[in-house]
Structures are given as structure tokens and as C-alpha cells.
Amino acid sequence: MLNAMRENAGSWIIKVLLGIIVVAFIFMGAGSFNARRASKVATVNGDSITVNQYQQAYYNILENLRSQFGNRLNDDMIKMFNIKQQAIDGLIDTTLLRQAAEKNGLRVPDAELAESITRIPAFQKNGAFDKQRYKILLGQNRLTPESFETIQKEAILMDRLRSMINKNAKVSELEIREWYNWENTSVDIAYVAFKPETFKDIEITDQMLEDYYNDNKETYKTQPQIQARYVRFDPEAYKADAVITDEEIQQYYSDHEDEFKLPETVSARHILFKVTEDADDKTIEDARLKAEDVMKKAKSGEDFAELAKTYSEGPSKDNGGQLGAFKSDEMVKPFSDAAFSMAVGDISIPVRTRFGWHIIKKEAHNQASTMSIEDATGQITERLADRKAKNIAYDAAVSLYDITFDGEEFVKNSKDSGLELVTTDFFTMKKGPKGIGNASAFADTAFKLPMMELSDITEIGESYYLIQVTNKEPEKIPALDEVKEDVIQDTKRAQQKIAAENTAEKFLEKAKTAGSIATAAEEDTSIKIKTTGPVNRKASVTGIGNDKMLMAAAFKLTESSKLPEAVVQAETGLYVIELRERRLPLKQGLSLAKSYIRDQILSQKQSALYSSWVANLRNNSEITISKEFIND
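Definitions and cut-offs
- Residues numbered from 1 in each chain as written.
- Predicted model: local features only at pLDDT ≥ 70, side-chain atom pairs only at ≥ 80, totals over all residues.
- Heavy atoms only, no water.
- Helix = DSSP H or I, 4+ residues; strand = E, 2+ residues; numbered from the N terminus.
- Rg over C-alpha atoms; globule rule 2.2 N^0.38 Å.
- Buried < 20%, exposed > 50% of the residue type's maximum accessible area, 1.4 Å probe, protein only.
- Contact = heavy atoms within 4.5 Å.
- Areas by Shrake-Rupley, 256 points an atom, 1.4 Å probe, with all protein chains shown as cover.
- Lys, Arg positive; Asp, Glu negative; His and termini not counted.
- Charge placed at Lys NZ, Arg CZ, Asp CG, Glu CD.
- Salt bridge = Lys/Arg side-chain N within 4 Å of Asp/Glu carboxyl O.
- Pairing = 2+ DSSP bridges.
- Axes fitted to C-alpha atoms, helices over the stretch in contact; angles between N-to-C directions.
- Core = buried A, V, L, I, M, F, W, Y, C linked by side-chain atoms within 4.5 Å.
- Phe/Tyr/Trp six-rings, centres within 6.5 Å; stacked < 30°, edge-to-face > 60°.
- Lys NZ or Arg CZ within 6 Å of the ring centre and 35° of its normal.
- Expected span 1.5 Å × (residues − 1).
- Bend = angle between axes of the 7 residues up to and from the residue.
- pLDDT = per-residue confidence, 0-100.
- Polar contact = N/O pair within 3.5 Å; in protein donor to acceptor, adjacent residues only side chain to side chain.

**Q** Pulling in residues and values, what's your account of the overall build of the protein chain?
**A** Broken down by element type, the protein chain carries 21 helices and 20 strands. For the protein chain, whose C-alpha radius of gyration is 35 Å, the value lies well above the compact-globule estimate of 26 Å for 632 residues. The dimensions of the protein chain, computed from C-alpha atoms along their principal axes, are 95 × 85 × 70 Å. Counting over 632 residues, the protein chain shows a buried share of 40%. Of all intrachain contacts in the protein chain linking residues separated by at least 6 positions in sequence, the fraction that spans at least 24 positions is 72%. If you sum the accessible surface of the protein chain, you get close to 36,500 Å²; carbon and sulfur atoms cover 49% of it. Across the protein chain, 83 positive and 98 negative side-chain charges occur, with their mean positions spaced 6 Å apart.

**Q** Pulling in residues and values, what's your account of the pattern of salt bridges?
**A** A side chain with one charge can pair with a side chain of the opposite charge if their charged atoms come near. Evaluated as defined, the whole model comprises 35 salt bridges. Between D416 and K412 there is a salt bridge, with the nearest N and O atoms lying 2.8 Å from each other. With D416 and K412 both in helix α15 (residues 407–416) and four residues apart, the pair spans about one turn of that helix. On the accessibility criterion, D416 (53% relative accessible area) is exposed. Overall, the relative accessible area of 53% leaves K412 in the exposed class.

**Q** Tell me about the sheet that holds strand β17 (residues 530–531), and name the residues and values.
**A** Across the sheet, four strands lie side by side as β17-β5-β19-β18; this open sheet has antiparallel pairing. Each edge of the sheet is formed by a strand with only one pairing partner; in this case those strands are β17 and β18 (568–570). Here β18 runs beside strand β19 (residues 573–583); their pairing, made up of three bridges, is antiparallel. When the sheet's bridge partners are listed, Q569 is paired in β19 with L574. The strands that helix α17 (residues 484–514) touches are β5 (186–194), β18 and β19; relative to β19, the one it contacts most, it runs at about 35°.

**Q** Give a detailed account of the sheet that holds strand β2 (residues 47–50), specifying residues and quantitative values.
**A** Taken in spatial order, the three strands make up an open sheet running β2-β1-β20, and their pairing is antiparallel. Looking at which strands have only one partner, the edges of the open sheet turn out to be β2 and β20 (623–625). Strand-to-strand twist in this sheet, taken as the mean axis angle between neighbours without regard to direction, amounts to 20°. Relative to β20, strand β1 (residues 40–44) runs antiparallel, the two sharing three bridges. The residue of β20 that forms the bridge with A42 is I625. Here helix α2 (residues 51–69) sits on the sheet in contact with β1 and β2, set at roughly 55° to β2.

**Q** Just give me the short version of the side chain of Q152, but keep the residues and values in it.
**A** Locating Q152 in the fold gives a position in helix α7 (residues 145–166). Overall, the relative accessible area of 7% leaves Q152 in the buried class.

**Q** Just give me the short version of the nonpolar core, but keep the residues and values in it.
**A** Of all hydrophobic cores here, the largest spans 22 residues; its most connected members are L97, I117, F123, Y134, L138 and F148. Listed by contribution, the elements that provide at least two residues to this core are α4 (83–103), α5 (110–118), α6 (131–140), α7 and α20 (588–619). Looking at this core element by element, the count peaks at seven residues for α7. Not counting the four nearest positions on each side in its chain, L97 is found in contact with M158, L161, Y610, W613, V614 and L617.

**Q** A description of the packing of aromatic side chains should follow, citing residues and the corresponding values.
**A** Any aromatic ring pair is given by two values, namely how distant the centres are and how the planes are angled relative to each other. The tally for this structure, following the rule as stated, stands at 20 aromatic pairs. Through a chain of ring-to-ring contacts, the aromatic side chains of Y230, F427, F442, F447 and Y465 assemble into a single cluster. The side chain of R162 reaches across the aromatic face of Y610, ending 3.8 Å from its centre. It is R352 that lies over the ring of W357; its NZ or CZ is 5.9 Å from the centre.

**Q** I'd like a rundown of α20, residues and numbers included.
**A** Given a rise of 1.5 Å per residue, 32 residues ought to cover 46 Å, and the 46 Å separating the end C-alpha atoms of α20 matches this to within 8%. Along α20, the helix axis deviates most sharply at K594, where the bend reaches about 55°. Of the positions making up α20, those classed as buried are L590, I597, I601, Y610 and V614. The elements touched by buried residues of α20 are α4, α7 and α8 (173–184).

**Q** Got a sec to walk through the confidence of the model for the protein chain? Specific residues and values, please.
**A** With 93% of its residues at a pLDDT of 70 or more, the protein chain shows a mean pLDDT of 89. Taken together, the stretch residues 1–38 has pLDDT below 50 and engages in 94 contacts with residues farther than four places along the chain or on a different chain.

**Q** Which residues make up the pairing of strand β16 (residues 463–473), and what values go with them?
**A** With eight of its eleven residues buried, β16 lies for the most part within the structure. As paired strands, strand β6 (residues 225–233) and β16 are joined by nine bridges and run antiparallel to one another. Bridge pairing links A228 to V469 in β16. Pairing between strand β15 (residues 458–460) and β16: three bridges, direction antiparallel. Pairing of T458 across the sheet is with Y465, part of β16.

**Q** For the environment of T377, give the residues involved together with the corresponding values.
**A** With respect to the helices and strands, T377 occurs in helix α14 (residues 373–403). On the basis of relative accessible area, T377 is assigned to the partly exposed category, the value being 28%. Put simply, T377 and Y252 are 125 residues apart on the chain and 9.8 Å apart in space, counted from C-alpha to C-alpha. A polar side-chain atom of T377 sits 2.6 Å from the main-chain carbonyl oxygen of I373.

**Q** Any details on the pairing of β1? Residues and values, ideally.
**A** Here β1 lies mainly inside the structure; four of its five residues are buried. Alignment of β1 against β2, held across four bridges, turns out to be antiparallel. Looking at the pairing, T43 lines up with S48 of β2. Two successive antiparallel strands, β1 and β2, enclose a turn made up of two residues, where N45 displays a positive phi of approximately 50°.

This is how it looks when you write it as C-alpha cells:
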């Protein structure tokens, strides 16, 4: 079986989603079959991890990130994810786990391995294993059948090993009860909010400004800026030069037959009488009778489009119920079945779908067909012209690049070639220059360039660019006068917060002396006491929202300590709070939730147990990473 799958499994270059196969085994590497063909990057208890394995693991992680982030993935993000360390750590863990599996006598017979591969949906077509699809997907991911079989075998072994470890995880009745109580206990608190922004009468002196500025200079530091000039090679500007021959059109038409296949479609109008799926029988019947009355009007000759505008409750009402052309799988089944079975010009009886009752008028039935080359010529010409224009634009960029050997020549050569040289304003890495479609991609390229050095030909959006940095301004801390307005606002906010904190602290001390916030507020009409009502730890409080810090402080209060030690510094402001009631959940609810809670705790315990076990393996193993790899 395995030999049959390996047969003719050569390399292919077809872009498919990487996650289909490899993501699940992202740290597995390229397998041990080629371990002796390359130098090693590490050894684990005497077993080597080769450069080839490391490169494959690195590539897998990188491609997974590309599938997630697309064009947003840049060098800074790659550094942030530390792919190099991820790859080597994953390979070390995999080697340790493989060694542990061997030590525990775990193995995967060839028959079981073959069956597991044929069951992978990515390799199936119409529910059955497809050898051609298998070859394509492996080639796309730089894998041979042998290396993938190693990956799959190791994945099965890892799963068995994990199951063996996880059997040791147990959940007690006490843990279930504590989880249930923690999740479902509620508190009702009274609170007074002290919002800094409500403290309006704040006097800001010059000394306050100077002190705040000196203490927070770093927050006003400007970002580095650069100025650049560039030539843009827009394919649209070269489209007139893109000549398309009849032979090219014929070749494209022959090579892309599927593009010109037209599916069977129906064009129709409809009138909808809405009925919800859970409506009672009377509501359903009343809507059907209304639909039937309008159907009779339509069949007697009244204009269907006008009836739709008058009676329909659907979004196409204003358009006379026009739905345009649609395929059978683009409508809900009852509607589609009726529309495709009717004769052109017919008006249906009321048809029930999950949206309600429909009256359908069929206006056309277009059989499946293939667009003729005559009809497709315009579309093909446009597509080929776009492709050629892009090639011509690239060639023009190459021509300028090839004759420009230093920074000063860029200006002269651009002018001599009749190309527009654009100079940007100063811009930051974050914002990029104005007038560029993808300014962040432009900035990413420009900020990597040394002064006056010409960039490589860079594709940004649909155009090509040659970029040269002409000026750089390093980050700097501006003088107070340059940022005075910002400092005034920031100083005011800081002073408002101080005023709010002082007021809240005084009120809390008064409440502690008086015994409650209600008593403390009796003589101060400006104090507004509100209550949350019973809320759990994850609740959103009316007028406040989901403030985790406030909830955390509320659940620390007890019957013997109803007031907090200090003012609550929460996400949404400053609060003085008081416990009104703590309510434990109903005991009856535990029996209903027990199974779910047990599964949640067990899952967490198993994950922690497995991670701890792997960490222990590492601590008790001899792992050496090559100096060449570390210093790379």
C-alpha cells in the first residue's frame, strides 16, 4: 500500500493552503530518513537533528505564518515570532517524544500508517483516497512520501504517548464543586464612581507643565523620519503597448477551458411574505393565504413587478422582486427546486422556505454551456493585456535599474528615460508617505535602505517601484514649546486623576468611619451611589461595561470586610465599593453542569501534566546545540 502511494510522487509547485497538511505537524521536521545526509544542528541523547530537518521545520512555521498574515508578515514580525527558536525547540521536543515512545515499546504498523494516511480528507476526492492529489499536496509542501510517512508515524506515536500520560490526570468531586462555585457565585455591590474627567476646576501652572514634561519626556519622542524619491512603473501606463495576437487568444482559450464554462442558471422574480421558522400554525397559514391572494392577482395578468413593489417583504421589493440569474445551489432548496422545475413565464403557487412564503415568476432558463471563443475574446484580451502590461512595466524598471550605478545617476537617468521622479514628504515607518496605495509596504522597503542607495525593483500593490532615500531625521525629544499643547492636555489629565484619587480616598476613609458608603454620603448630595445587582465574575455591569479589575476587587469583599482596603483603580475609573450580598449558586445546578466542568478541568490538567512531563524529559536529557547554529 505504501509503495503504491509512493509511486511517481514527484515534486509539484502549486499554491494551496499549507495548513491542509503540515500545520498539525509543524514541528515534525523532514523525518529521520535523511538524518545522515546533512550536518547536524543539535543532538538529543545522542540522536542528531540535521540541517535538513531544521530547514523543513523553519519553512513549515514560516509558511503557516504567511497563510495567517499574508502580505502583512514582515521581517519585524518574523523576528517577534522567533521562528528559529520555535523550529529547534519543536524538533528537540519531537526527538525526545520519539525516544520516549521507543522506550515504552510504542510502534505503528505499516498497515495502520497507510490506513491513517488514506483517511486524511486533504488526500481524498469524492470521499476516496486520490494518489494524484496526494502527490500534488506533498510536493507543494516540500515533502516526499517517505518524509510524510515519518511525520504521520510520529504524529500517531505522539498521540499515543499523550494518551498514556493523560491517563494519570484525575478530577476530584471537590475540584468540580470549587470550580462550579467560583464560576457561578454572584455579588451585589454598591459603588461610587470617581471619574477624573468630571473634575473640571483644575488650575495648570507653568511649573506643573515643566515638571510633567521633564518627568515624561520620552513619551513625546518623535519617530524616525525619512524622505525618499521614487519612480513608479504602473502597468496601466503600458497597456497601450501590450499587443495581443489571435494565436495568444486561441492558446489561452484552449488552456483555460474551465474558465469559459457557463453553469445552468435561472432568472426569476419573487414576492416574499416573511414567516419565522418557529412561527405558530396560525401565523404560517395567515401568511400563506396572503401569498395566495397575491398569486391570483399575478396569474390574472397584473404586473408582477408592481405587485412585488406593493406586497413583497424581501430586500428585492424596490427592484420589483428581481433576483437576476442564479445557480441551483445559490438558493435555499425548496425555492431552487421550484424555480428550476417551472416553465419560463410560469408563476408558482406559494413556496415555503425558512424565510417565509414565496411567489416565483420564472423569466429565463439558461442551460449549461461553454462560451465561444468569439464571445470570450474581449475577456481574454483584457486579461492577457494586463499580464503583458505588467511584464512591460517590469522590463522598464529593469532597464532603469541596470543603467543606474549610483544615487546621483537616478535623477539623470529617470529624466533621460522620460520617467516621472516623485519626491515624498518626510514620513514615518508607521504611516508611510502620502499618495502611495500601500504606504506601509513602501515605508517597510524605504526604511531598510542606506542613504542614496537605490532599492531593488519592488512590487507594491499592482505597480513596481524603484526607491531612493534622500534624507533621514533620527528620533528626537522635542522642546517643551514644540509640544506644549499636548503637554497641557496631558498635565490636565494627570491633575484630574490626582484630584479624583484624593476625593475618593477621603470618601473611603469617611465610609470606613461611618460603617457604610450610604452613611458617608448622607451629607454630600454630589455623591451618587449605584448598585450592580447580582453579577458574576464575567458580568458586564450596566453603565460600566465588562471591567475585570472592578469585578476582581468586588469578589475580594467579604461579610466581615465589606469595604476595600483602598480605592479601586479599575479599567473604567476609580471606585469606592461596598458588598451588599454574596450569593452562592444553587446546588441543583451542579448536577447539570458536572459533566461539562469535569471535562474542562480534565482538559486543563492533562495539558499541564503533559507539558510538565515534556519539560522533565528535557531537564533529564543531554541536549547539545551546535555553536555554528547558535552564532548564525
